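Here is what each chain is made of, one letter per residue.
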Amino acid sequence: RVLDVMVDVFCFQINENLHISEAAQQWNVLQAMLRKTSTVIQLGLLVLLGMAAFAVPAAMLDYLLLGQGLSVLRLLLPHIFVVLWVLRIFVMASTVTAKC
């Protein structure tokens, strides 16, 4: 979320000031920060994606093995929340990528 705001602030500053020479330097710094951040969180995102990829088949298997009632669905809520949380993280990351 912070990276998204940083890109928005940069765009707002460009619209207000319109100094291309300063903007080029600021954009280079912002890109360097985005690259460094993406390198640092890359492994964490891979782990989260693996966890979500494991949670979906595990939840489906639990649902099939334990029965198909609403009580089983309540037991699967942690799986569902993990997958939705990981999906939200990747959607937020993609918004920054789309802006750049």
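Residues numbered from 1 in each chain as written. Predicted model: local features only at pLDDT ≥ 70, side-chain atom pairs only at ≥ 80, totals over all residues. Heavy atoms only, no water.

Peer 1: Would you explain the packing of helix α1 (residues 2–17) against helix α2 (residues 20–66) in this entry?
Peer 2: Each pair of packed helices gets described by two things: the angle between the helix axes and the distance between those axes. Where α1 contacts α2, the two axes come as close as 11 Å, and the packing angle between them is 175°. Classified by the angle between their axes, α1 and α2 sit roughly antiparallel to one another. Residue-level inspection shows L3, M6, V7, F10, Q13 and I14 of α1 in contact with α2, the latter providing A23, Q26, W27, L30, M33, L34 and T37. When the residues that make up the contact of α1 with α2 are grouped by side-chain class, the tally is 10 nonpolar, 3 polar and no charged. (Axes fitted to C-alpha atoms, helices over the stretch in contact; angles between N-to-C directions. Helix = DSSP H or I, 4+ residues; strand = E, 2+ residues; numbered from the N terminus. Parallel < 35°, antiparallel > 145°, perpendicular 65-115°, else oblique. Contact = heavy atoms within 4.5 Å. Nonpolar A, V, L, I, M, F, W, Y, C, P; charged D, E, K, R; others polar.)

Peer 1: Explanation requested: the nonpolar core in the structure shown.
Peer 2: Soluble globular proteins: nonpolar side chains tend toward being buried together. Within the largest apolar cluster, 5 residues are counted, these being V7, F10, A23, L30 and L34. Elements represented by at least two residues in this core include exactly α1 and α2. With 3 residues, the top contributor of residues to this core is α2. If sequence neighbours within four positions are ignored, F10 has contacts with A23, Q26, W27 and L30. (Core = buried A, V, L, I, M, F, W, Y, C linked by side-chain atoms within 4.5 Å. Buried < 20%, exposed > 50% of the residue type's maximum accessible area, 1.4 Å probe, protein only.)

Peer 1: Is there a simple way to explain the environment of A32 in this structure?
Peer 2: Within the secondary structure layout, A32 lies in helix α2. With relative accessibility at 42%, the residue A32 sits in the partly exposed group. Sequence spacing of A32 and L70 is 38 residues, and the spatial spacing of their C-alpha atoms is 49 Å.

Peer 1: Is there a simple way to think about α2 in this case?
Peer 2: Because an α-helix completes one turn every 3.6 residues, residues spaced three or four positions apart along the sequence face the same direction. When the local axis directions of α2 are compared, the greatest deviation, roughly 45°, occurs at I41. Turning to α2, its buried residues are A23, L30, L34, L48, A52, A55, A58 and A59. Positive phi shows up at G67, right after α2, with a value of about 115°. (Bend = angle between axes of the 7 residues up to and from the residue.)

Peer 1: How should I be thinking about a nonpolar patch on the surface in this particular structure?
Peer 2: A cluster of nonpolar residues, L70, L73, L77, I80, F81, L84, L87 and V91, forms a patch on the protein surface that exposes about 750 Å² of accessible area. Listed by contribution, the elements that provide at least two residues to the nonpolar patch are α3 (70–75) and α4 (77–99). For the nonpolar patch, the element with the most residues is α4, which contributes 6 residues. Inspection of the secondary structure puts L73 in helix α3. (Patch = residues over 30% accessible without salt bridge, like charges linked within 9 Å, V, L, I, M, F, W, Y side chains within 5 Å. Areas by Shrake-Rupley, 256 points an atom, 1.4 Å probe, with all protein chains shown as cover. Salt bridge = Lys/Arg side-chain N within 4 Å of Asp/Glu carboxyl O.)

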